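Examining the three-dimensional arrangement
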Amino acid sequence: MSEKRKVCLEDHEMPKFWYNIVADMPNPPHPVLHPGTGKPVTPDDLTPLFPMGVIEQEVSAERHIEIPREVRDILKLWRPSPLFRARGLEKLLDTPAHIYFKNEGVSPAGSHKPNTAVPQAFYNKIAGVKRIATETGAGQWGSSMCFAGTLFGLEVKVYMVRVSYDQKPYRRMMMETWGGAVVPSPSPDTEAGRAVLARDPESMGSLGLAISEAVEDAVSREDTRYALGSVLNHVCLHQTVIGQEAMLQMERFDEFPDVVIGCHGGGSNFSGIAFPFLGDKIRNKTNVRLVAVEPFSCPTLTRGSFAFDYGDTAHLSPIVKMYTLGASFMPPGIHAGGLRYHGAAPLVSQLLNEGFIEARSVHQLESFEAAVQFARTEGIIPAPESSHAIRAAIDEALEAKKEGKKRVILFNLSGHGHFDMTSYEKYFAGQLANYVLPEAEIEKALQELPKVDL
Ligand SMILES: *Cc1c(COP(=O)(O)O)cnc(C)c1O
């Protein structure tokens, strides 16, 4: 193992620093614009939303940022997360490929999301914030934030997308067990929520709308800040513990991946596993490919536009340049709730646009088929989101088989599926279908992109 990698790790092999891809990107990130004025935001514009520790990281170009001791002490509850070779799956596929996966399902909340919830809670705590307002899609982020909040003595209010609130009562109970307050979004608690309820009392909600509600809550209370579980630069940064650990763990197996795969909702778990490998690729000219995988029904990276857009439905959050299906996009109620966001991480978007990474989309049924193959060979029941990455890993392994050549595949298992058994039930009952988004719907949502003038 190389000296350079060793010094970034503590004795128990958890990274001591986050890795910031911005330091190795040939072009600087695009500016973030104020939703009201359309002008680039200043750190001061963001203070009603985020504590300064987070804002500094959001705009940082420093390559390594130290993980505070208090944060590391909590991450150690489950980190480093294990990396396995999926020999059972390889055998089933009868492939010459070597398939490895990093298991982020071992965290207390069951996914990669506590990797950022913990530092976000920490920076709020030291800034004197008492309460956090946030949204959750599938319930994974809400539970992660409630878990982190309780450890730092913060109150947490969660706006949970209606479709998940109904489908996942146990996620809600989990949040309440950790002391959080949960309401379905659209909720009557905010103006943004009330406006949607007035138009459509049966609205299933969307992540974009839930974000609007949480942002409105945060800016209307002095003691409250907002926390986002994906998309933003600081979130992608916090997730880089995954890829840094994986690099070291792959060295233990004496292998280096040909391809690194992550599912993509807002981009954070993909960034987490991919960015350390991408930085290494840019600096050391390796050949590793980085692949982000999204659902066919919410094809942000593969069919969206690379444009400035709002992060939320009510246009309260900053405007960022990203791949987007339009902020008013209402995704169909597919079962990978965590992959239903209209936008994408600006960092992932720019890297895709500049050709550093690849994106592909997979159908719902094919991802469940992959999930079941994985569960029956490796034992772990994956989250429906993670199953998109498994699908792509299996496809890579089958291509390698066709070529008759070895291929080293690494994917991120972003979470377990223990709270998603209703989705599995529907899959086994033949009640799930593939869904292809009509082009007209994409065009409609894109007509509302903000006009920006830079
Ligand atoms: C939230 C979530 C995702 C999608 O979010 P990203 O920010 O794209 O990582 C994927 N998998 C699981 C298990 C999740 O909870």
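The shown structure was predicted, so the numbers you read here are calculated from the model rather than taken from an experiment.

Concerning the overall build of the chain
Within the chain, the secondary structure is distributed over 20 helices and 14 strands. On C-alpha atoms alone, the chain measures out to a radius of gyration of 20 Å, which is about the 22 Å that the 2.2 N^0.38 rule sets for 454 residues. C-alpha atoms of the chain, sized along the principal axes, occupy 60 × 50 × 45 Å. In the chain, the share of contacts with a sequence separation of at least 24, taken over all contacts with a separation of at least 6, comes to 76%. Roughly 16,900 Å² of accessible area belongs to the chain as shown, and the carbon and sulfur atoms make up 52% of that amount. Charge centroids of the chain, computed over 46 positive and 55 negative side chains, lie 4 Å from each other.

Considerations on the sheet that holds strand β8 (residues 224-226)
With parallel pairing, 4 strands are arranged side by side in an open sheet as β7-β6-β5-β8. At either end of the open sheet lies a strand with only one pairing partner, and these are β7 (181-185) and β8. When the angles between neighbouring strand axes are averaged without regard to direction, this sheet yields 25°. Relative to strand β6 (residues 155-161), strand β5 (residues 131-136) runs parallel, the two being bridged by 6 bridges. Bridge pairing links A133 to K157 in β6.

Points about the confidence of the model for the chain
With 96% of its residues at a pLDDT of 70 or more, the chain shows a mean pLDDT of 93. Every residue in residues 1-8 is under pLDDT 50, and counting partners more than four places away or in other chains gives 12 contacts.

Some thoughts on the side chain of D217
Considering the arrangement of structural elements, one finds D217 in helix α11 (residues 207-219). Look past the residues within four positions of D217 in its chain and what remains in contact with it is R131, A133, K157, Y159 and T224.

Here's the deal with the packing of helix α13 (residues 241-252) against helix α14 (residues 268-284)
Viewed as axis vectors pointing N to C, α13 and α14 meet at an angle of 60°, and their least axial separation amounts to 6 Å. Comparing their axes, α14 and α13 come out oblique. When you trace α13 past α14, the crossing you get is right-handed. Here I242, G243, Q244, A246 and M247 of α13 lie close against α14, whose contacting residues are G272, I273, P276, F277 and D280. Along the lines of polarity and charge, the residues of the contact of α13 with α14 split into 6 nonpolar, 3 polar and 1 charged.

Describing the site of the ligand
Looking at the ligand, there are 19 residues lining it, with K113, S230, G265, S268 and S414 nearest. K113 is positioned with one of its side-chain polar atoms (N or O) 2.5 Å from an oxygen atom of the ligand. Between N269 and the ligand, the recorded distance is 2.7 Å, taken from a side-chain N or O atom to an oxygen atom. The fraction of the free accessible surface of the ligand (380 Å²) that becomes covered by protein chains is 98%. At the level of elements, α14 and α18 (384-403) are the ones that each hand at least two residues to the shell around the ligand. For the shell around the ligand, the per-class residue count stands at 3 nonpolar, 14 polar and 2 charged.

Quick look at the pattern of salt bridges
Applying the stated criterion to the full structure yields 25 salt bridges. The partner of R79 in a salt bridge is E245, with the nearest N and O atoms 2.8 Å apart. Here R79 is found in the loop between α4 (69-75) and β3 (83-85), whereas its partner E245 is found in helix α13, with 166 residues between them in sequence. Both residues of the pair, R79 and E245, belong to the buried class. Note that K102 is salt-bridged to E245, the shortest N-O span being 2.6 Å. Taken together, the residues K102 in strand β4 (residues 98-103) and E245 in helix α13 connect sequence positions 143 residues apart. Connected via shared salt-bridge partners are R289, E358, R360, E396, E399, E403 and R407.

Digging into unusual backbone geometry
Among all residues save glycine, negative phi is the norm, and among peptide bonds the norm is trans. Put simply, R79 and P80 share a cis peptide bond, and its omega is -5°. Here P80 shows up in the loop between α4 and β3. The residue D254 is not glycine, and still its phi comes out positive at about 60°. Counting through the fold element by element, D254 comes out in the loop between α13 and β9 (259-263). If you check the backbone angles, H315 has positive phi at about 65° while not being a glycine. Note that H315 resides in the loop between β11 (305-310) and β12 (319-324).

What counts and how
- Residues numbered from 1 in each chain as written.
- Predicted model: local features only at pLDDT ≥ 70, side-chain atom pairs only at ≥ 80, totals over all residues.
- Heavy atoms only, no water.
- Helix = DSSP H or I, 4+ residues; strand = E, 2+ residues; numbered from the N terminus.
- Rg over C-alpha atoms; globule rule 2.2 N^0.38 Å.
- Contact = heavy atoms within 4.5 Å.
- Areas by Shrake-Rupley, 256 points an atom, 1.4 Å probe, with all protein chains shown as cover.
- Lys, Arg positive; Asp, Glu negative; His and termini not counted.
- Charge placed at Lys NZ, Arg CZ, Asp CG, Glu CD.
- Pairing = 2+ DSSP bridges.
- Axes fitted to C-alpha atoms, helices over the stretch in contact; angles between N-to-C directions.
- pLDDT = per-residue confidence, 0-100.
- Parallel < 35°, antiparallel > 145°, perpendicular 65-115°, else oblique.
- Left-handed = near helix turned anticlockwise from the far one by under 90°.
- Nonpolar A, V, L, I, M, F, W, Y, C, P; charged D, E, K, R; others polar.
- Near = heavy atom within 4 Å.
- Polar contact = N/O pair within 3.5 Å; in protein donor to acceptor, adjacent residues only side chain to side chain.
- Salt bridge = Lys/Arg side-chain N within 4 Å of Asp/Glu carboxyl O.
- Buried < 20%, exposed > 50% of the residue type's maximum accessible area, 1.4 Å probe, protein only.

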